[in-house]
Amino acid sequence: MSKQTVENNPKFKERRDQHLATLSNQKLVNVHDKEHAEQLNFHRMVSLNFLFLVIYAGAVNAGCPFGWYYFSESCYLFSSYKLDWFRAAASCNAHHSNLVIVESKEEEIFLRNTSMTLKRGFWLDSTDDVVEGYWKWATTEANLTYTDWYPGQPSNGGSTHDEDCAHIYPGLSYRWNDVHCTYEEYFICEDEYPGDGDNIIG
């Protein structure tokens with residue numbers, strides 16, 4: 001019987017597969033087995049890394065537009081360029097979204113961790129440009145129900161005392177800080193998870 005015929009034999013294939021499965025589960029103790037184990041571990045590691053990439057890609061996109069992050073029924077775009085607060089808001093609107101509104105600790109942790117990973121600060125939707133000291137979300141005019149200001153902020157500091165826009169600031173442990181709205185900063189746009197209706201915020 002030729003080698004090709006043997007390899008195509010179902011019983012041969014079954015025994016071969018059983019043998020390979022047994023080998024993969026055995027404790028390899030001698031020198032030759034150690035080399036085989038290293039090769040096996042390498043292939044397992046490659047498979048695990050591939051699985052991680054598939055899962056990570058799903059977490060980044062998960063049905064959101066390409067390049068957007070998914071978290072808790074919203075899609076988030078972390079910009080790769082800086083704009084002042086007004087132009088950042090306009091850019092988000094052009095993407096059928098709004099500057100991010102933060103409504104929970106869980107959402108804030110997600111935003112902060114991502115900001116730390118990207119090593120950038122980002123504009124938020126919050127401003128007190130209408131009445132000094134009364135911070136609202138510009139898109140909805142709603143009061144802030146959750147905040148993560150760094151101690152001593154907002155301070156309305158600076159020589160002109162007109163720090164009317166909020167951002168996540170790396171210089172203050174990636175917590176919130178108020179700054180001039182004309183300051184150029186990266187920004188986060190937020191949109192509803194696709195297919196759920198109108199845009200949502202938070």
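Provided above is the structure to which this section pertains.
Residues numbered from 1 in each chain as written. Predicted model: local features only at pLDDT ≥ 70, side-chain atom pairs only at ≥ 80, totals over all residues. Heavy atoms only, no water.

Draft legend 1. Focus on the state of the cysteines. For the coordinates displayed, the defined rule picks out 3 disulfides. Disulfide partner of Cys92: Cys189, at an S-S distance of 2.0 Å. Across the disulfide from Cys92 to Cys189, rotation about the S-S bond amounts to roughly -85 degrees, and the bridge is consequently left-handed. Of the two residues, Cys92 sits in helix α4 (residues 85-94) while Cys189 sits in strand β8 (residues 186-192), which places them 97 residues apart along the sequence. A relative accessible area of 0% means that Cys92 is categorised as buried. Accessibility expressed as a relative area gives 0% for Cys189, which makes it buried. The disulfide partner of Cys165 is Cys181, and the S-S distance across this bridge is 1.9 Å. Every disulfide takes its handedness from the sign of the S-S torsion; for Cys165 and Cys181 that torsion is 95 degrees, giving right-handed. Taken together, the residues Cys165 in strand β6 (residues 165-169) and Cys181 in the loop between β7 (175-179) and β8 connect sequence positions 16 residues apart. For the pair shown, Cys165 and Cys181 are each scored as buried. Here the disulfide map of the protein chain reads 1-2, 3-6, 4-5, the bonded cysteines being numbered as they appear in the sequence. (Disulfide = S-S within 2.5 Å. Helix = DSSP H or I, 4+ residues; strand = E, 2+ residues; numbered from the N terminus. Buried < 20%, exposed > 50% of the residue type's maximum accessible area, 1.4 Å probe, protein only.)

Draft legend 2. Representation of the packing of aromatic side chains within the structure. Scanning the entire structure with this criterion turns up 13 aromatic pairs. Centre to centre, the rings of Phe78 and Phe110 are 6.2 Å apart; their planes meet at 75 degrees, and the pair counts as edge-to-face. Taken together, the residues span a long stretch of sequence, with Phe78 in strand β2 (residues 74-78) and Phe110 in helix α5 (residues 105-118) at a distance of 32 residues. Comparing Phe78 with Phe110, the two get one shared label, buried. Look at Trp135 and Trp149: their rings are 5.0 Å apart centre to centre, the planes differ by 65 degrees, and that puts the pair in the edge-to-face class. Highlighted residues: Trp135 in the loop between β4 (122-127) and β5 (136-137) and Trp149 in the loop between β5 and β6, separated in sequence by 14 residues. Assigned by exposure class, Trp135 and Trp149 land together as buried. Here the aromatic residues Tyr69, Phe71, Tyr76, Phe78, Phe110, Phe122 and Tyr186 are joined through ring pairs into a cluster of three or more. (Phe/Tyr/Trp six-rings, centres within 6.5 Å; stacked < 30°, edge-to-face > 60°.)

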